[in-house]
Amino acid sequence: MTNISVFARLTVLEAARRKVLWALIGLAVLIIGLSFWGFARLPAVHVFATPLSAANSHLATAQLLGFVLFALSFVGALGMSFVAAPTIGGELESGVALSLLARPVRRSEVLLGKWLGLVSLAVAYVVIVGGAEIAAAETGTGYQVPNPVTAVALLAAQAVVLLSLALLLSTLLSPMAAGVVAVGLFGTAWVAGLVGDIGHSLNDPSVAAVGTVDHLLLPTDGLWNGVMNALDQTSLMSSFSDRLVGNPFFQTSGLTTAYLVWSAAWLIGVVGVTHLRFSRAEL
Amino acid sequence: MGGRALAGAASVPSRGGPGTLSRDAVWCSRLSKSYGHRAALRLVSLRISPGEVVGLLGPNGAGKSTLVKILVGLVRPDSGEALVLGAPAGRPEARRDIGYLPELFRYQPWLSVAEVVGLHARLRPVPAADRHGEVSRVLAQARLADRSGERVSNLSKGLQQRLGLAVALLGKPRLLLLDEPTSALDPTGRADVRALIDECRAEGTTVLLNSHMLSEVERSCDRVVVLDRGAVLADGPLGAWLDHDMLRVRLEGEAAPFVSCLKRFGEVSAHARELTVPSLAMSLVPDVVAALVGAGARVLGVEPGQVSLEEKLLELLARNDGEHR
């Protein structure tokens, strides 16, 4: 077993022993259970004594699915931020790192191991929870998500971006501050993305630019738009396009390759800076 | 700066040939480190031979822990060079055969005692086939065998320090760096640490003991290095500190007038009714008494003794304080 895998396993074990994993699973089960109940009741909904049309039912399902996945990604973001934030800063602050870094291990191995441990936690959470949620929507309403694999993959990428940011912040700030700032930036990015969407719907380039800059600075909301696009059926979008302008849970355009490349470069850059900070940290 | 060398003390390290360097367990030359405007280390040079047990002494903030952290690679010096077991300090190769007990000993509270030791055994690295036996050995050595399943969070501070010792002793390191190893231990624990150091000495392990417990240093170390204000103040064999025979003479009246009659016996000091004659061979005691009586003093008592490490250290630090004022 390499040193990297030792630290990756240690990170997963810590999340389990500190009950973060169980808290995330508990919250996810609660959200999935409640949303499945809602999805199952959706086909029976009547508006003015008239049952919902299939198109309207699908529209409501797509909107609800987007909202629930956002709630799940927010729970995941909170969990990942508060697991990632103390993983380096906390060990430096408490002194746990003193005896570990005195071993013949490279700091890059410690960092990469911890990062991989966090990534595996985030990906497992998103795949299980996102997959279950999409399955719940399909089972309850018959709505077919057009690109479920893309949706889950982009949701996982969003989680990885956020945990990498939290890891970087943990080398700059105290563990508590790093967690708070990471979640705060996640929320701010979502709001700024929303402002950009409103700018697009109003054809106001200066307001729309807020979203563009936001997506470049922190790709969480940009990737989230990709998730939305992967969840929405094209036929549904064209039928209701006039009613969906500026709606944050619908996205007409998918992510470009250039944006995916930028997101990957952003991720590599952040992990690189984290390594630089961690390798220079003195204890 | 090699510091004030005592009788028989190690000389200022010179670079010498590569063969000479690789033979030293620790070799540092002109190490300096500052935190902001405060100098933690100033041109510290030090050489520790394999198998030596060296005590690192000095007041709080003298730079002892910084020096140890530089050797382990946790802190980078601003200037100077350090080699540990022949490899540049900070490189993984230099940490391959080191056991380190930090002053601030903290271990993952969510792991059990055996899991912490097992983790360090992997990182040490102890070969997989020997790992279980090695973990059991060090846990027994640190008297933690019956606590191996307990979570670290449930251990007292003293037991956590024992855990730190177990971790440091893993894989029988060639160099053991102990930073205040008994700060949280009870008298039995302190005796255990002394016994462990004796065992290490017998096995040829080099030990650098950073401790404020001077009695421990007195009992365990071959050599003492004193740091003050970030610089080496003294460096020499423990014997050079402790083998100073001295004589205290109590007189009936003021002692100061009789200092001059004892000039030929060395630097005699007077305090109230007592004269102190340092570094005096016991065979000369009758001559001292005869000189005093000859000068008209009435001698009430003569007490031969030794300068303790504490007295010597305090004297040295006071003198250095005076020089810096």
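Residues numbered from 1 in each chain as written. Chains lettered and ligands numbered in written order. Predicted model: local features only at pLDDT ≥ 70, side-chain atom pairs only at ≥ 80, totals over all residues.

Trainee: Whenever I open this one, the overall build of chain A confuses me. Can you help?
Mentor: The helix and strand tally for chain A stands at eleven helices and two strands. Each helix (α) and strand (β) of chain A, taken in turn from the N terminus, gives the series α-α-β-β-α-α-α-α-α-α-α-α-α. In summary, chain A has a C-alpha radius of gyration of 20 Å against a globular reference of 19 Å for 283 residues, a match within 12%. Taken along its principal axes, the extent of the C-alpha atoms in chain A is 70 × 40 × 30 Å. For chain A, buried positions account for 41% of its 283 residues. For chain A, contacts bridging at least 24 residues in sequence account for 78% of all contacts bridging at least 6. (Helix = DSSP H or I, 4+ residues; strand = E, 2+ residues; numbered from the N terminus. Rg over C-alpha atoms; globule rule 2.2 N^0.38 Å. Buried ≥ 20, exposed ≤ 12 C-beta atoms within 10 Å, placed from the backbone. Contact = placed C-beta atoms within 7 Å.)

Trainee: Would you explain the interface of chain B and chain A in this entry?
Mentor: For interface size, the figure often reported is the accessible area lost on association. Between chain B and chain A, the contact holds 22 residues from the first and 20 residues from the second. Breaking the side of chain B that touches chain A down by element, the ones donating at least two residues are α2 (64–72), β7 (98–101) and α3 (113–123) of chain B. Per element, the largest residue contribution to the side of chain B that touches chain A is four residues, and it comes from α3 of chain B. Within the side of chain B that touches chain A, the residues separate by chemical class into 13 nonpolar, two polar and seven charged. (Nonpolar A, V, L, I, M, F, W, Y, C, P; charged D, E, K, R; others polar.)

Trainee: I would appreciate a short explanation of the sheet that holds strand β15 (residues 299–306) of chain B in the present structure.
Mentor: Pairing between sheet strands relies on hydrogen bonds along the backbone, with the strands arranged either parallel or antiparallel. Residue and element names in this part refer to chain B. The strand order across the open sheet built from four strands is β13-β14-β12-β15, with neighbouring strands paired in antiparallel fashion. Each end of this open sheet is capped by a strand with a single partner; those strands are β13 (269–271) and β15. Here the strands of the sheet are splayed against their neighbours by 20° on average, with no regard to which way each runs. The sheet contacts of helix α9 (residues 285–294) involve β12 (245–251), β14 (274–277) and β15, and relative to β15 the element is tilted by about 150°. (Pairing = 2+ DSSP bridges. Axes fitted to C-alpha atoms, helices over the stretch in contact; angles between N-to-C directions.)

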